[in-house]
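Each chain, letter by letter, is given below.
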Amino acid sequence: GAILLGKTRTNELAMGGWGLNTSLGTPWNTWDMNVHRVPGGSSSGSAVAVSAGFSSFALGTDTGGSVRLPASFCGLTGLNVTANCLPRDGIMPLSKTLDAPGPIARTALDAAILLQVMGGRAAELVSRDLKTGGGLLGTLMRGGGIEGLRIASINSQEREICSAEVLEAYDGACDTLSLLGAQVESVSPVHAYSEIARHMGALIDAEAYEMHGDDYCALAFCASEYVRDRVLSGAKLGADAIIRIHKERAEMQSGFLNAIREYDALITPTTPTTAIPVDEVDDSALLHKWCEGFPV
């Protein structure tokens, strides 16, 4: 029942955290109309459309941060759901293990409404929940206190990755949660976020090559150098290596969940830096520099 306003811009093959598009131009982050700053990627145009007021919400896909990053850089709410929580019909695949569609909106309530609709709940039932206060939407609308909740925060090692501006905002959020009655404690998972990020990146590259390797192996296929290099790097991982990555990923998940099992939530900064001017970055920098030490 939604009205389609248009198609938004993205990174080539949805690969890239800054949201750069060298072929068609990079969407302008509306929080600074004087300096062209990165909008975040890969769902860059979706976030800009919402932050600019063109649309109440937009859709994106998230494999390694592609909803969360643009939502963060553009000052919005982005929801990355568990893989297979929402149908992926019609979505061009990047990583069959990690791909997930998700909403980008102004508020958590808007994102929750979209989650319900994207999951197949009839629009009239979502509207009824909003009116009667039923279901997930009713829970959000009623609010409720967080007194007594235990919330895990990042440790000193992860804080070193973040810029001063990000830490100021993050610490302000933690302080607010504490004032509202939550118990915020630093936690150190078994595996550093940088190690988890490396495994995630290798899995994305391997599965991207499986889906798109034939195209990117063809020299006549028009592609950016960065994306071609990443896709072709996936060819270096054989079947045994991919099986090992999946096994290690399952072990990491188990260890990580055990480390935070006593907590009600884990909060981290979404990005380690604020939106950087476009002319100061290249699309590989986020993975090779920032994300080596931070989970996206």
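That block above? That's the structure.
Residues numbered from 1 in each chain as written. Predicted model: local features only at pLDDT ≥ 70, side-chain atom pairs only at ≥ 80, totals over all residues. Heavy atoms only, no water.

**Student:** Lay out the overall build of the chain in plain terms, naming residues and giving numbers.
**Tutor:** A count of helices and strands for the chain gives 11 helices and 6 strands. Against the compact-globule benchmark of 19 Å for 296 residues, the chain has a radius of gyration of 20 Å, which places it among compact chains. For the C-alpha atoms alone, the extent of the chain along its principal axes is close to 60 × 45 × 40 Å. Looking at the 296 residues of the chain, the share that counts as buried comes to 43%. Contacts spanning at least 24 positions in sequence make up 72% of the contacts within the chain whose residues lie at least 6 apart. Working note: accessible area of the chain is about 15500 Å², and carbon and sulfur atoms make up 55% of it. (Helix = DSSP H or I, 4+ residues; strand = E, 2+ residues; numbered from the N terminus. Rg over C-alpha atoms; globule rule 2.2 N^0.38 Å. Buried < 20%, exposed > 50% of the residue type's maximum accessible area, 1.4 Å probe, protein only. Contact = heavy atoms within 4.5 Å. Areas by Shrake-Rupley, 256 points an atom, 1.4 Å probe, with all protein chains shown as cover.)

**Student:** Can you explain the environment of M118? Please cite residues and give values.
**Tutor:** In this fold, M118 is placed in helix α3 (residues 108-118). In the structure, M118 is positioned 31 residues away from P87 in sequence and 8.0 Å away in space, judged by C-alpha atoms. The contact partners of M118, leaving out residues within four places of it in the chain, are L59, L86, P87, P101, G102 and P103.

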